[in-house]
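Architecture and fold: a report
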Amino acid sequence: MCGIIGYVGNRSAKLEILEGLKMLEYRGYDSAGICCFEKGELKLIKKKGKVDALKYACNEQLKDAHCGIGHTRWATHGNPSDKNAHPFLSENNSVAIVHNGIIENFEMLKGNLQKQGVRFRSETDSEVIAQLLQKSKCESELKKVQELFSKLSGSFAIAILFKGLENQIFAIKKNSPLIVGKSKDGFYLSSDVNALVDKTTEYRIMEENEIVWIDNQDCYVFDANLQAKEITYTPMNLTKEDISIGAFEHYMHKEIMQVPTAIKLTINECEPMVNPYTKLPKEILKDLKHITIIGCGTAFNAGMTAQHYARERDLIVDCVYASEYRYRKFLSQDNEICVFISQSGETADTIEALKIAKSHNIPCIVITNVATSTINKLADYVIPTKAGPEIAVASTKAYNAQITALFALIDYIYCLKNKINCRTCILKDKLYDVVKKLENYSFNNIDELAEILKDTERVFFIGRGVDYATSQEASLKLKEISNIHSESLYTGELKHGTLALIDHSTVVIVISTQKNLFDKTMNSIYEIKARGAKVVLVTQFEVESDAIDMIIKIPCTDQMLMAEISIYPLQMLAYKTAVLKGLDPDKPRNLAKSVTVE
Ligand code: F6R
């Protein structure tokens, strides 16, 4: 959510920053901006729209700049516009800042500054930072930056330029990610590692309440009391190929095709003889009574899928949205663990929920796809998913990887509780079958169905048991990237109200992968058809019925693992529908990846 980039060194700051912003664009694409030192002045260019609009606006300007900061925005305070785009200059143009996060006390700060006569140019919370720095009475720039910790509340990663300190960038971080990259040609700041691939050989993730000061020679890190810290860099292990779009037109398409690999690599990681399972607290797990799974959006849906898997293994799982967990009354339960799921590891709600669970001494396991993420550092135990970088805003391969890790975790707990040898090897074999089936899957009928959906106003996804979890995820995918109104329902719930919305203009996509529930589902299909809707059935079973308009036949695997397969054509359906509607599936309206604000 919002991307920050900074560069100081021998290369062209303009090119490095624009390239970095392009890689960070998935974090927000309402507007973008750049500010560089040019002949001692802070030269600012910013534009509503995507990074390409900024690139166009820069044209021949900033050619000789070697130090600057850039930002790509996902609007929180103030609509997307040129004036609300970052960077912000202070009133006398002596300070420039870019900010990711939310300044929760900005109204109070802004009011105080306005009383002192400061005039603001934007409607954002972030502009107060530049004005505060200009007004600061501290004797050095470093101290001015340090003072921000005591003045600002909320979450922030901020990069700062001071007029008069050419080729120097300051940065601070609290509850928002920021990374320093090192190369032979200079230093970088970035909101994530992806933007530094191919540019830096090493990087360092900033820790909470740190200050960083970089110039073209070196990097200095201080804690909030200005005590200098030792710096250890991590070698960059991502390659350009990991983050490139390859032969695909969209990242989402590439990432759907990577689903089988994401499952394979994740299940390999879940081998109980290697990390991370050996580190889990056996004593706690063997007497476990309750698992709470917490996440947002797709990560939450992965938890819902696992809930059914766990129930079959006599484990009680409660799934809670992180945004709800944070504020609901806490009730302690004996022998409980919390499992937090987050692809990015930076989702603000999930991180705050984790802090709450930890404050109640509940062991916290985190399942995440980004080893360098904030949530990893806070977790008691980490189970990594191995989906590789996910760049499209809509999550696909990470979802399958999350389910895989959850299945393995549940099997592990089940075996400990029942004092039997861990059966992850059996799960592994079964998941290899899933992988093989997905690799050979040909997405029958998906183009045809996308053609129908593109002109449909309302779509329902329904399912029973674990198929309901899949229907939730399929519905989320379709609505977020194709802007079609879509809802998911338990099949049995349809007739308790929502059936009133079913008519000839509706498409109902029924997911049915559980043998014992199939006949019951067919009853519902007849009821839907009788109201005139178009019925699409996603199943591995052989079926013929006049009540069904289209069957999306999926390969058969162990029934308990069908959720890995049934979502696959529906991810592709969402993608194809968005493309047919002429929308950019990688950058859906109003959304951004990595939701680092509440
Ligand atoms: C939907 C989607 C979101 C994320 C959610 C949580 O396609 O991607 O719903 O799943 O914002 O993000 P993470 O997993 O990064 O915590």
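Here the structure is shown first, and the text comes after it.
Let me begin by describing the structure that accompanies this report. These numbers come from a predicted model, not from an experiment. (Residues numbered from 1 in each chain as written. Predicted model: local features only at pLDDT ≥ 70, side-chain atom pairs only at ≥ 80, totals over all residues. Heavy atoms only, no water.)

Concerning the nonpolar core
One finds Ile291, Ile293, Val339, Leu453, Ile509 and Leu570 to be the most contacted residues of the largest nonpolar core, which totals 108 residues. At eleven residues, helix α14 (residues 397-417) tops the list of elements feeding residues into this core. Among the nonpolar cores identified, the runner-up in size contains 29 residues, and Leu148, Phe149, Ile158 and Phe162 belong to it. (Core = buried A, V, L, I, M, F, W, Y, C linked by side-chain atoms within 4.5 Å. Buried < 20%, exposed > 50% of the residue type's maximum accessible area, 1.4 Å probe, protein only. Helix = DSSP H or I, 4+ residues; strand = E, 2+ residues; numbered from the N terminus.)

A word on the sheet that holds strand β8 (residues 168-174)
On the basis of which strands lie adjacent, the open sheet formed by seven strands has the order β5-β6-β7-β8-β12-β13-β14 and antiparallel pairing. Taken across any chain shown, the strands that pair with only one partner, and hence form the sheet edges, are β5 (88-89) and β14 (228-229). Pairing geometry for strand β6 (residues 95-103) and strand β7 (residues 154-162), over nine bridges, is antiparallel. Note on β7: the bridge partner recorded for asparagine 100 is alanine 157. Packed on one face of the sheet, helix α4 (residues 127-135) meets β5, β6 and β7 and runs near 135° to β6. Running over the sheet, helix α5 (residues 141-151) touches β7, β8, β12 (210-215) and β13 (219-222) and is turned about 15° from β8. (Pairing = 2+ DSSP bridges. Contact = heavy atoms within 4.5 Å. Axes fitted to C-alpha atoms, helices over the stretch in contact; angles between N-to-C directions.)

Details of the sheet that holds strand β20 (residues 381-384)
The five strands are arranged β17-β16-β18-β19-β20 in an open sheet whose pairing can be described as parallel. Each having just a single partner strand, β17 (317-321) and β20 make up the two edges of the open sheet. Taking the axes of each pair of neighbouring strands and ignoring which way they run, one obtains an average angle of 20° across the sheet. The sheet contact formed by strand β16 (residues 290-295) and β17 spans five bridges and is parallel. Pairing of threonine 292 across the sheet is with aspartate 318, part of β17. Across the sheet, helix α10 (residues 297-312) touches β16, β17 and β18 (336-342), and the angle it forms with β17 is around 170°. Along the sheet, α14 contacts β16, β18, β19 (364-368) and β20; its crossing angle with β18, the most-contacted strand, is approximately 165°.

Here's the deal with the packing of helix α3 (residues 106-115) against α4
It is the contact of α3 with α4, at a shortest axis distance of 10 Å, that shows an interaxial angle of 45°. Between α3 and α4, the angle is such that the two are oblique. Both α3 and α4 take part in a crossing whose hand is left-handed. For the pair formed by α3 and α4, the contact residues are Phe106, Leu109, Lys110 and Leu113 on the first element and Val128, Gln131, Leu132 and Lys135 on the second. For the contact of α3 with α4, the class distribution of residues is five nonpolar, one polar and two charged. (Parallel < 35°, antiparallel > 145°, perpendicular 65-115°, else oblique. Left-handed = near helix turned anticlockwise from the far one by under 90°. Nonpolar A, V, L, I, M, F, W, Y, C, P; charged D, E, K, R; others polar.)

So, the side chain of arginine 204
Take arginine 204: it is sitting in strand β11 (residues 202-205). Among the polar contacts listed, one links the side chain of arginine 204 to the side chain of glutamate 210, at a separation of 2.8 Å. (Polar contact = N/O pair within 3.5 Å; in protein donor to acceptor, adjacent residues only side chain to side chain.)

A closer look at the environment of threonine 385
Tracing the backbone shows threonine 385 in the loop between β20 and α14. Judged by its relative accessible area of 4%, threonine 385 falls in the buried class. Residues threonine 385 and isoleucine 509, spaced 124 residues apart in sequence, show a C-alpha to C-alpha distance of 29 Å. Other than its neighbours up to four places away in sequence, threonine 385 contacts Thr266, Ile367, Thr368, Asn369, Ala401, Gln402 and Ala405.

Describing the packing of aromatic side chains
For the coordinates displayed, the defined rule picks out 13 aromatic pairs. Positioned above the aromatic ring of tyrosine 309, the side-chain terminus of arginine 313 is 4.5 Å from the ring centre. Positioned above the aromatic ring of phenylalanine 541 is the side chain of lysine 515, whose terminal nitrogen or guanidinium carbon lies 5.0 Å from the ring centre. (Phe/Tyr/Trp six-rings, centres within 6.5 Å; stacked < 30°, edge-to-face > 60°. Lys NZ or Arg CZ within 6 Å of the ring centre and 35° of its normal.)

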